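# Understanding the architecture of this molecule
What follows is the residue order along each chain.
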Amino acid sequence: GDQVEQSPSALSLHEGTGSALRCNFTTTMRAVQWFRKNSRGSLINLFYLASGTKENGRLKSAFDSKERYSTLHIRDAQLEDSGTYFCAAVMSNYNVLYFGSGTKLTVEP
Amino acid sequence: EAAVTQSPRNKVTVTGGNVTLSCRQTNSHNYMYWYRQDTGHGLRLIHYSYGAGNLQIGDVPDGYKATRTTQEDFFLLLELASPSQTSLYFCASSTGTGGYEQYFGPGTRLTVL
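Now for a description of the structure that goes with this document. (Residues numbered from 1 in each chain as written. Chains lettered and ligands numbered in written order. Predicted model: local features only at pLDDT ≥ 70, side-chain atom pairs only at ≥ 80, totals over all residues. Heavy atoms only, no water.)

## A look at the overall build of chain A
Counting its secondary structure elements, chain A contains zero helices and 11 strands. Going residue by residue from the N terminus, the α and β elements of chain A occur as β-β-β-β-β-β-β-β-β-β-β. Taken against the 2.2 N^0.38 rule, which gives 13 Å for 109 residues, the C-alpha radius of gyration of chain A at 13 Å falls within 12% of a compact globule. With the principal axes as the frame, chain A shows a C-alpha extent of 45 × 25 × 20 Å. Evaluated residue by residue, chain A yields a buried proportion of 48% over its 109 residues. Taking the contacts inside chain A whose residues are at least 6 apart along the sequence as the reference set, 55% of them involve residues at least 24 apart. (Helix = DSSP H or I, 4+ residues; strand = E, 2+ residues; numbered from the N terminus. Rg over C-alpha atoms; globule rule 2.2 N^0.38 Å. Buried < 20%, exposed > 50% of the residue type's maximum accessible area, 1.4 Å probe, protein only. Contact = heavy atoms within 4.5 Å.)

## Here's the deal with the sheet that holds strand β1 (residues 4-7) of chain B
Residues and elements named next belong to chain B. Taking strand neighbours across the sheet as the criterion, the four strands line up as β1-β3-β8-β7 in an open arrangement whose pairing is antiparallel. Edge positions in the sheet fall to β1 and β7 (65-68), since each of these pairs with one other strand and no more. With direction set aside, neighbouring strand axes in the sheet form an average angle of 15°. Across six bridges, strand β3 (residues 19-25) lies against strand β8 (residues 73-78) in antiparallel orientation. (Pairing = 2+ DSSP bridges. Axes fitted to C-alpha atoms, helices over the stretch in contact; angles between N-to-C directions.)

## Concerning the pairing of β1(B)
Residues and elements named next belong to chain B. Where burial is concerned, the two faces of β1 differ: the one with Val4 and Gln6 is buried and the one with Thr5 and Ser7 is not. In this structure, β1 lies alongside β3, joined through four bridges in antiparallel fashion. When the bridges of β3 are listed, Val4 appears paired with Gln25.

## Notes on the environment of Leu21(B)
Residues and elements named next belong to chain B. Looking at the secondary structure, you find Leu21 in strand β3. Take Leu21: its relative accessible area is 0%, and that puts it in the buried class. Along the primary structure Leu21 and Gln56 are separated by 35 residues, whereas in three dimensions their C-alpha atoms are 17 Å apart. Beyond its immediate sequence surroundings of up to four residues, Leu21 is in contact with Ser7, Pro8, Trp34, Phe74, Phe75, Leu76, Tyr89 and Thr108.

## Description of the interface of chain B and chain A
The interface of chain B with chain A comprises 22 residues on the first partner and 19 residues on the second. For the pair chain B and chain A, the two sides together bury roughly 1700 Å², of which 55% comes from carbon and sulfur. Contact with chain A buries area across many residues of chain B, yet Leu43(B), Tyr100(B) and Glu101(B) alone supply 35% of it, more than any other trio. At the boundary of chain B and chain A, one finds six residue pairs in polar contact (both at pLDDT 80 or more). Of all the secondary structure elements, the ones that give two or more residues to the side of chain B that touches chain A are β4 (31-37), β5 (43-49), β9 (87-94) and β10 (103-104) of chain B. Per-element accounting of the side of chain B that touches chain A gives the leading share, four residues, to β4(B). (Buried area = accessible area lost by both parts, 1.4 Å probe. Polar contact = N/O pair within 3.5 Å; in protein donor to acceptor, adjacent residues only side chain to side chain.)

Honestly, that's just the spatial picture; any functional story needs more than this.
Encoded structure:
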């Protein structure tokens, strides 16, 4: 469905720079997860948030259920950060994840 | 950490073929899910289950059956595979109570010729 709108669809960064990915939701969501799909095709769990913000190394995520959005900030990007990032959210009264269409991040030297 | 395994990791079959993808989780989770992921799309939910013997239809169920034989095991069945089912398939599990975080398996790449 179109419950989750992710942007941008593609992003190119130079090493050492940063940017933000965003997901907007068309309805109230209970929680959000962020993933990175690596070159081998595996989904790496980055964050799970029911509210507020979380930080892990060079990554920081925020989730605002009331305003219906979540963000993923990447700072000091490294080559190994390249991959496709997905957000996914849990709709109230359901126990399933709705995924955004992904952001393909390319980090260049 | 949650452990979800899938087999096979890669599978090639022909149109009309019969394929079974297996998923096992060893974390006593109630919910299990099957997704497919195609280039340019996020993961799309095929089927899910909240316990042994239970099956719920997801967003893209056509052409797929699923069966949850035990709490640990969830199978995805393609009885008449078609080229449109060439995709990367992910299995996931979650507790379903008190939290909604899903844990994903490594994926199965299926090619239907």
